[in-house]
Every structure is written in structure tokens, then in C-alpha cells.
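Read off the chains here:
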Amino acid sequence: VATSKKIEDTLGRGVRDLRISVTDRCNFRCPYCMPAEIFGERYEFLKREEILSFEEITRLTRLFVGFGVRKVRITGGEPLVRAQVTELIARLAEIDGVDDLAMTTNGFLLPRYAHELKDAGLNRLTVSMDALDEDVFSQMSGRPYGPEKVLAGIDAARDAGFSPLKINTVVQRGVNEQTILETAEHFRGTGDIVRFIEFMDVGNLNDWDLSQVVSGREIIEIIDAEYPLEPADANYQGEVASRYRYVDGQGEIGVITSVTQPFCGDCTRARLTTEGRLVTCLFATRGTDLKEPLRDGATDDELNEIIEGVWLNRRDRYSETRSSNTALEGAGTGAIREKIEMFRLGG
């Protein structure tokens, strides 16, 4: 039974957003998330029985809605490699209280699935694409091809009625900062919104170093020099991207500055990992297992008690403490924390 009890953590933050990782598998090998040298043919991903079923995901989502969740985002890995994922979308779309159902995808399989996703009830799509340049795209996706299939996926999504699309672009110094303007130009005037993301220390595998971060301020300066920008108000409290609109009316862009200007104070996101752990921060080192009690026959009230206990004790603000403990002109993060990998957590 879903409750209708609003809860707040130790910093007064409610739970409004639920991000659900439906698979730890991906058809890309982006070096900052799932580097090919580690995730090769012999890597053992989670077995089917280890991951949450659609029934389990739907049941847990209903419980989170009872605590105030209104936005649900499906992530991975790459969510479109999960078999019959549109069936899950249809189930979640029927939950009373889910006002916004979204998905983040690398776009490669969208030519096949875009219309199906729309028909199933998905409201919004975010496509991750780090460069238009063929060589840079290949380097950042870990695959021997350019962005053509992803661009075809974006076209398919538009054709299916997803508008505006959000395009997420991770910017890494020495890799793709020279393509920032090209990416902005490509989507300028299309109605779609590029969100440039500072390179973050997610997981433990991307050899993150502060010197690789291109700050949101630098990104804005690069684009503003060619196409003047002006700040725009946030669409809602807790929006992760700082918005800027083109002065000439040709749309907007966003920057996500979780390194140089963290936004932990407004974070209302809970995360459900592929194997059913409740995690309260993208940079978390552990989570709370919901799958075991779920499969041991826990009632909704018992599951609600676990969820409420986790959230009431939540005190995460990793990005703020990382920034205060790290000289932004220097490199390194001090103490090493073993974090949950992003491909099991969702971006």
C-alpha cells in the first residue's frame, strides 16, 4: 500500500525524483563510465535473476510516489538494451502520481524504439552525445564509428513527438572541449536543449583529475563569444542545469556544474540501482538493499519503513564537500572513496 506521507532528509530535502537503472549493460564503452579495457568480452555483468524485474520496479516506484516522487527517469547502463523495456514504461506510465516519465539513452537504438516509447507513455527523452566530430565521438563512446546512428535516433525521437529533446554532453579537457561550439551550433535553433556537463568523478574507473574539468563558466564564455547568451530562470526548484538563452531567440543551453558550483542543497533525487539498492547520491559508496526484503515477502508497510528510514537519515552533499576540500586550480581529491559505478546507478 502506497503511503501519502511527505518526508524530508536531515537537510530538509524532500524526495521528488526517482532514477531507476534498469540494466548494467551498455552498447557503448565510454572511457569515463565503462572503459573497454575493463568491460571486455569476459566481464561478468549481473545475471537476470540478480536484477529487479519489471513487477518489482513498478511496486517500488508506487511506494516512492507515496513519499512525494513525481518524476521518474529510466537509466542504465543503456536502458534500451533491456529486453521489453517499453513494457516497463507502460507500467510506470499508469501509476497515479507519476507526472513526468523520462529516459536517458545514448540514442543508438532510438531509430528502432522512439515511436514505441512514445506510444508506451514516455514523456521526455534525454540523449547523451559528447561530440559531433567522428574521431572525438569514437574516442568518447569507445566504439569505432561516428555519431550518425545517434543523430538518426534524435531525428526518430523528434518524429515520434519528443520535443524538446535534451542533449547531454560531457566535456573533458584535452578530449572534446574544442567541439563545444560545434555542438552548440548544431542544435541552436532546433528547439532541442544541449546541456554541457562538467567532467565528474563518478565511479572509480575514469581516472578523474580536476585538471580535466572544463568549468561551466568557461563553457558559457566559449559559446557567448560567438552567440551572445543571457541567464534564464530555473524551470523548477532543484533543476540541475543552469539555463542560458541565446539573446537572438534561437533557443537555450544549460550547464551542469556539479564540480565547480555544486547544487546538493536542492537535490531531491533517490536512485534505484540495477540490483535493487536504494542510493541517495550519485557519488555514493553504498546503498540499502530493497531487493532482498522484497523477495523475502516484505509487506508494503515494511518496505515503506526501510525507505523512510534511509531518507530521514540522508545527509549527502558530496559535491559540496569535494569542492571545499579540493583546490579548484589543483588536482586530486585527497582520500579515495570506493563509489558505486555509474552504469549501475544511472547518470
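Residues numbered from 1 in each chain as written. Predicted model: local features only at pLDDT ≥ 70, side-chain atom pairs only at ≥ 80, totals over all residues. Heavy atoms only, no water.

**Q** Mind showing me how you'd approach the pattern of salt bridges here?
**A** Side chains that differ in sign of charge can pair as their charged atoms come close. A full pass over the atoms with the stated rule returns 14 salt bridges. For Arg295, the salt bridge is made with Glu56, and the minimal N-O distance between the two is 2.7 Å. Residue Arg295 is found in helix α8 (residues 291-295), and its partner Glu56 is found in helix α1 (residues 54-66); the two are separated by 239 residues along the sequence. Judged by relative accessible area, which is 40%, Arg295 ranks as partly exposed. Arg243 is the salt-bridge partner of Glu252, the closest N and O atoms lying 2.8 Å from each other. With respect to burial, Glu252 and Arg243 carry one shared label: buried. Where salt bridges share partners, they join Asp9, Arg13 and Arg314 into one cluster. (Salt bridge = Lys/Arg side-chain N within 4 Å of Asp/Glu carboxyl O. Helix = DSSP H or I, 4+ residues; strand = E, 2+ residues; numbered from the N terminus. Buried < 20%, exposed > 50% of the residue type's maximum accessible area, 1.4 Å probe, protein only.)

**Q** Where do I start with the sheet that holds strand β3 (residues 100-105) in this structure?
**A** Across a sheet, strands are paired by hydrogen bonds formed along the backbone, either parallel or antiparallel in direction. As summarised here, the arrangement of the twelve strands in space is β7-β8-β9-β6-β5-β4-β3-β2-β1-β10-β11-β12, forming an open sheet in which the pairing is mixed. Only two strands of the sheet have a single neighbouring strand rather than two, namely β7 (229-232) and β12 (288-289). Bridging between strand β1 (residues 17-21) and strand β2 (residues 71-75) involves five bridges; their strand directions are parallel. Among the inter-strand pairings, Leu18 is bridged to a residue of β2, identified as Val72. Sheet strands in contact with α1 are β1, β2, β10 (269-272) and β11 (277-279), and its direction is about 165 degrees off that of β1. (Pairing = 2+ DSSP bridges. Contact = heavy atoms within 4.5 Å. Axes fitted to C-alpha atoms, helices over the stretch in contact; angles between N-to-C directions.)

**Q** Would you take a moment to explain unusual backbone geometry for this structure?
**A** Glycine aside, residues mostly have negative phi, and peptide bonds are mostly found in the trans state. At the junction of Gly76 and Gly77, the peptide bond is cis and its omega measures out at 10 degrees in the coordinates. Relative to the helices and strands, Gly77 resides in the loop between β2 and α2 (85-93). We note that Gln84 has phi near 55 degrees; this positive angle belongs to a residue other than glycine. The topology assignment puts Gln84 in the loop between β2 and α2. Under the relative-accessibility criterion, Gln84 is labelled exposed at 54%.

**Q** How should the packing of aromatic side chains be read in this particular structure?
**A** For any two aromatic rings, the description comes down to two numbers: the centre-to-centre distance and the angle of the planes. This structure, assessed with the given rule, holds eight aromatic pairs. Between Phe39 and Phe45, the aromatic rings sit 6.3 Å apart at their centres with planes inclined by 25 degrees, giving stacked as the arrangement. On the basis of relative accessibility, which here comes to 14%, the residue Phe45 falls in the buried class. Aromatic ring contacts, followed pair by pair, group Phe28, Phe108, Phe137 and Tyr145 into a single cluster. The aromatic ring of Phe162 is capped on one face by Lys118, whose charged end is 4.7 Å from the ring centroid. A cation over an aromatic ring shows up here: Lys149 above the ring of Phe108, its NZ or CZ 4.4 Å from the ring centre. (Phe/Tyr/Trp six-rings, centres within 6.5 Å; stacked < 30°, edge-to-face > 60°. Lys NZ or Arg CZ within 6 Å of the ring centre and 35° of its normal.)

**Q** Is there a simple way to explain helix α7 (residues 216-226) in this structure?
**A** Side chains of residues three or four places apart in an α-helix project in the same direction, reflecting 3.6 residues per turn. Buried within α7 we find Gly216, Ile219, Ile220 and Ile223. Buried residues in α7, looked at end-on, bunch into an arc of 95 degrees, giving them a common side. In α7, the exposed positions that point more than 90 degrees away from the buried face belong to Arg217 and Ala225. At its buried positions, α7 is contacted by β5 (166-171), α6 (180-187), β6 (193-198), β7, β8 (242-246) and β9 (252-256). (Arc of directions from axis to C-beta.)

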